[in-house]
Amino acid sequence: MFAKPIPGRTTAAAEGNVVLFLIGMRINHFWAPHHWLPVFLAMPRMLRELSRDPQSGLLGYQLLTGSPRTYYVVQYWESEEKLLKYAAAPQQLHRKAWAMINRFERKSRQHVGIWHETYIVPPGSYESIYGDMPPYGLGAATGTLPIERRGATARERFAHGAKGAHGAKGAEGPESAEGREGQEDAS
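The paragraphs below set out a description of the structure included in this document. Predicted model, so just to flag it, every value in this text is computed and none were measured.

How each quantity is defined
- Along every chain, residues carry numbers that run from 1 in the direction the sequence is written.
- Confidence filtering applies because this is a predicted model: local features only for residues at pLDDT of at least 70, side-chain atom pairs given and counted only at 80 or more, and all residues used for totals across whole chains, interfaces and linings.
- Based on all heavy atoms of the structure, the side-chain values leave hydrogens and waters out of the count.
- Helix and strand definitions here come from DSSP, where helices need a minimum of 4 consecutive H or I residues and strands a minimum of 2 consecutive E residues; each element is numbered from the N-terminal end.
- A 1.4 Å probe rolled over the protein chains alone gives each residue an accessible area, and that area as a share of the maximum for its type sets the label: buried under 20%, exposed over 50%, partly exposed in between.
- Any pair of residues with heavy atoms lying within 4.5 Å of one another is described as a contacting pair.
- Each reported salt bridge corresponds to a side-chain nitrogen of Lys or Arg within 4 Å of a carboxyl oxygen of Asp or Glu.
- For the purposes of this section, nonpolar cores are sets of buried Ala, Val, Leu, Ile, Met, Phe, Trp, Tyr and Cys residues that join through side-chain atoms within 4.5 Å.
- A pair of aromatic rings is counted whenever rings of Phe, Tyr or Trp (Trp by its six-membered ring) have centres within 6.5 Å, and the orientation is called stacked for planes under 30 degrees apart, edge-to-face for over 60 and tilted otherwise.
- Pairing between two strands is assigned when DSSP locates at least 2 bridges connecting them.
- For helices, the axis comes from a line fit to the C-alpha atoms of the stretch in contact; other axes are also lines fit to C-alpha atoms, and the angle between any two N-to-C directions lies between 0 and 180 degrees.
- Exposure above 30% relative accessible area and no salt bridge define the residues that can form patches, which grow by joining like charges within 9 Å and nonpolar side chains of Val, Leu, Ile, Met, Phe, Trp and Tyr within 5 Å.
- In this description, accessible areas are obtained by the Shrake-Rupley approach with a 1.4 Å probe, and a residue is regarded as covered only by the protein chains that are shown.
- Note that His is not counted, nor are the chain ends; the positive residues are Lys and Arg, and the negative ones are Asp and Glu.
- The atom standing in for a charge is NZ when the residue is Lys, CZ when it is Arg, CG when it is Asp and CD when it is Glu.

## Overview of the side chain of Gln62
Here comes step 1: In this structure, Gln62 sits in strand E3 (residues 58-65).
Here comes step 2: Assessed through its relative accessible area of 17%, Gln62 is described here as buried.
Here comes step 3: If we skip the residues at most four places from it in the chain, Gln62 touches Tyr72, Val73, Val74, Tyr136, Gly137 and Ala140.

## As for the pattern of salt bridges
Here comes step 1: Taken as a whole, this structure holds 3 salt bridges when the rule is applied.
Here comes step 2: For Glu127, the salt bridge is made with Arg157, and the minimal N-O distance between the two is 2.6 Å. Of this pair, Glu127 sits in the loop between strand E5 (112-121) and strand E6 (130-131) while Arg157 sits in helix H5 (residues 154-166); the two residues are 30 residues apart in sequence, bridging distant segments of the chain.
Here comes step 3: Assessed through its relative accessible area of 26%, Glu127 is described here as partly exposed.

## Section: the nonpolar core
Here comes step 1: With 22 residues, the main nonpolar core has Met25, Met43, Met46, Trp77 and Tyr86 as its most contacted residues.
Here comes step 2: Contributions of two or more residues to this core are made by strand E2 (18-27), helix H1 (33-52), strand E4 (70-77), helix H2 (80-88) and helix H3 (93-107).
Here comes step 3: Tallying contributions element by element places H1 first for this core, with 7 residues.
Here comes step 4: Apart from the residues within four sequence positions on either side, Met43 is in contact with Ile23, Val73 and Gln75.
Here comes step 5: Core analysis: the second largest hydrophobic core is formed by 11 residues, Tyr76, Tyr126, Tyr130 and Leu138 among them.

## Focus: the packing of aromatic side chains
Here comes step 1: One pass over the full model with this rule turns up 3 aromatic pairs.
Here comes step 2: When the centroid spacing of 6.1 Å and the interplanar angle of 45° are considered together, the rings of Tyr72 and Trp115 count as tilted. Of this pair, Tyr72 sits in strand E4 while Trp115 sits in strand E5; the two residues are 43 residues apart in sequence, bridging distant segments of the chain.

## Some points on unusual backbone geometry
Here comes step 1: Phi at Asp132 takes a positive value of approximately 50°, unusual for a residue other than glycine.
Here comes step 2: The topology assignment puts Asp132 in the loop between E6 and helix H4 (137-142).
Here comes step 3: We classify Asp132 as exposed; its relative accessible area is 52%.

## Notes on the sheet that holds strand E7 (residues 144-146)
Here comes step 1: Strands sit in the order E6-E1-E7 across an open sheet of 3 strands; the sheet is antiparallel. The strands lining the two open edges of the sheet, one partner per strand, are E6 and E7.
Here comes step 2: Looking at chain direction, strand E1 (residues 9-12) and E7 are connected through 3 bridges and run antiparallel. Counterpart to Thr11 in the pairing with E7 is Leu145.

## As for the sheet that holds E3
Here comes step 1: Here 4 strands make up an open sheet; going across it, the order is E3-E4-E2-E5 and the pairing antiparallel. Both outer strands of the open sheet, E3 and E5, are each paired with one neighbouring strand and no more. Going from strand to strand, the sheet's axes swing by 15° on average, the running direction of each strand aside.
Here comes step 2: Here E2 pairs with E4 via 8 bridges, running antiparallel.

## Describing the environment of Trp115
Here comes step 1: Residue Trp115 is classed as partly exposed on the basis of its relative accessible area of 34%.
Here comes step 2: Here the alpha-carbon distance between Trp115 and Met25, two residues 90 residues apart in the chain, equals 6.3 Å.
Here comes step 3: Beyond its immediate stretch of four places on either side in the chain, Trp115 contacts Leu22, Ile23, Gly24, Met25 and Tyr72.

## A look at a positive patch on the surface
Here comes step 1: A contiguous patch of positive charge on the surface is contributed by Arg45, Arg48, Arg52 and Lys96.
Here comes step 2: With 3 residues, H1 is the largest single contributor of residues to the positive patch.
Here comes step 3: Summarising the element assignment, Lys96 is placed in helix H3.

What follows is the structure, encoded as structure tokens:
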């Protein structure tokens, strides 16, 4: 089952802060699957748990690989609070997985590496464009809109988010609509 491309150009329907959580692992020694395989298998279980609970705050995710050794997940969350609540909840799989990973780390002699990064991206600091694509990334997590609803250029799409967060902006400077006539979108 493949997602059907949306014809034309769209943008993510995200409003407000975007909470971006990146998490991954690196297999340092392939010959020790008993050390890295449990870590590898923990993430799909957590994603299933989160996906089954619409109140969890997970909006969407993408599973990715950087090489045969590195695997990671890009996650989009409703709020920082919901991400932190899930991470700390004793009844959720994350706490059990984290305890398991800590045990493996102590005795694994560096067979598997783990990492994560969290970004809270304020309105006006992100934009997106999808051309003839099925919903993907932030667009899959928040829905998509025709590009015209947010602006024809990246600058206009950034400004859309900034207006929503900080009130109406003043008049456009030299980059006004008249100054942009005939310009191509830099995206």
